[in-house]
Every structure is written in C-alpha cells, then in structure tokens.
Amino acid sequence: MEKLIQIINSFQELDLETESAIRKSFVEETFKKGEFLVQEGKICDKIYFVKSGTVRRFCIEDGDEVTKWIYTDNQFITSMSSFFEQKPSFENFQTCEETIVYALSYADEQALLEYPLFVKFHIKQLRYYLSKINEFNHLFRLMTAEKKYLFLLESFPQIVKKAKLKHIASLIGVSQETLSRIRASII
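**Brief notes about the environment of K120**
Within the element layout of this structure, K120 appears in helix α5 (residues 116–142). Note: C-alpha distance between K120 and E13 (107 residues apart in sequence) is 9.4 Å.

What follows is the structure, given as structure tokens:
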C-alpha cells in the first residue's frame, strides 16, 4: 500500500483524511496466472494498481489475440471506456503470472471523488496517462519493429524481462521468429 500512496502523492500531495480514505477504499486482491481482471463483453467495475505481477491487455482481432500493452509493478490498470462509462469492455486484461493488486471498485471511486485532493490526483493522473498514451501511439506507429523493441528495452525493461516472447512480438506487431532475429541482432 505504501508504494500506491507514494505514487498518488507524486501526482498530488494528500492530507491525512484523504490518505486514510484511499487506504480504506483500495482492497488487496490476488489473481492466479491466467485469470482475468477484465473480460471483453463485461463491464469493468474496478481500477487496479499492480503491487506485483504482470497483466496483459489484449483484444481479439480477426480471431487472433493482439497484445495492446503489458502492465507490470506499480502501474494502474483499467479498461477506461468500460470503467468510466460503465459499459461492456472491448478488451481483456489477463494475468501472466500470479499477480497482487490493490483494487478500487467503481462505487468506492465515486465516494473518493468527494475528496478534493483525490479529485486533483485523478485529474492529474488521467491527463498524464492520456498524454503518454497519445505520445506512445504516435511514436510506436512510426517505429520499425527493431526500434519498438529497443524502445521497450530502454523505457519498459520490466516488460521485456517478465513477458512471454509471443506477447512482446504481438505488441510490436511481428512474428515470434522475427522478434527472435531482432533480439539476436541486438545482442
């Protein structure tokens, strides 16, 4: 819980009352490898903060699983459109290993929005993540597969360290064989 509070404080310094409410609202949950946090077609009713573990976000496109991102320790996870609009998700979030999270239910998030400092954190965090998602999508679209892999290696080494090769290959849009050749050429 301390890392969660530390990260929230990095966006917005909390007072004791708000921090106490956050500590009561986020609940620790453990998921076994292969379990779903969010499933396509179901409403996402929680925001998760990864204490430890790995979670893959993917969509089914033309019958194939296409990895959109891989989350590791100290990252927030939710299907944004599903959670914020309370409509069925178009994506899946599945654990790649045993994963421990702090979960915030939709109802508890609504209650925390009564705390002005939580609202400030929420706005700052959303702005930051939306900006990073926009930047990432722009840059990633323009990169070659090798540059994408190098970008992950430099900016998100935990993904390269913890994720399966087939999921990394899917994330950067190449076959597993091509990723193996890229990795061999870098070493």
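**As for the packing of helix α8 (residues 165–172) against helix α9 (residues 176–186)**
With their axes 9 Å apart at the nearest point, α8 and α9 run at an angle of 95° to one another. Between α8 and α9, the angle is such that the two are roughly perpendicular. Of the residues in α9, those in contact with L165, K166, I168, A169 and I172 of α8 are Q176, L179 and R183.

**What to know about the pairing of strand β5 (residues 64–71)**
Relative to β5, strand β4 (residues 55–61) is paired through seven bridges, and the arrangement is antiparallel. If you follow C59 over to β5, its bridge partner there is V66. The hairpin turn running from β4 into β5, its antiparallel successor, is two residues long, and D62 in that turn takes a positive phi close to 50°.

**A closer look at the sheet that holds strand β1 (residues 27–31)**
Strand order in the open sheet made by the four strands is β1-β8-β3-β6, with antiparallel pairing throughout. A strand with exactly one partner marks an edge of an open sheet, and here the two such strands are β1 and β6 (76–77). Across five bridges, the pairing between β1 and strand β8 (residues 99–105) is antiparallel. Across the sheet, E29 pairs through a bridge with V101, a residue of β8.

Analysis parameters
Residues numbered from 1 in each chain as written. Predicted model: local features only at pLDDT ≥ 70, side-chain atom pairs only at ≥ 80, totals over all residues. Heavy atoms only, no water. Helix = DSSP H or I, 4+ residues; strand = E, 2+ residues; numbered from the N terminus. Axes fitted to C-alpha atoms, helices over the stretch in contact; angles between N-to-C directions. Parallel < 35°, antiparallel > 145°, perpendicular 65-115°, else oblique. Contact = heavy atoms within 4.5 Å. Pairing = 2+ DSSP bridges.

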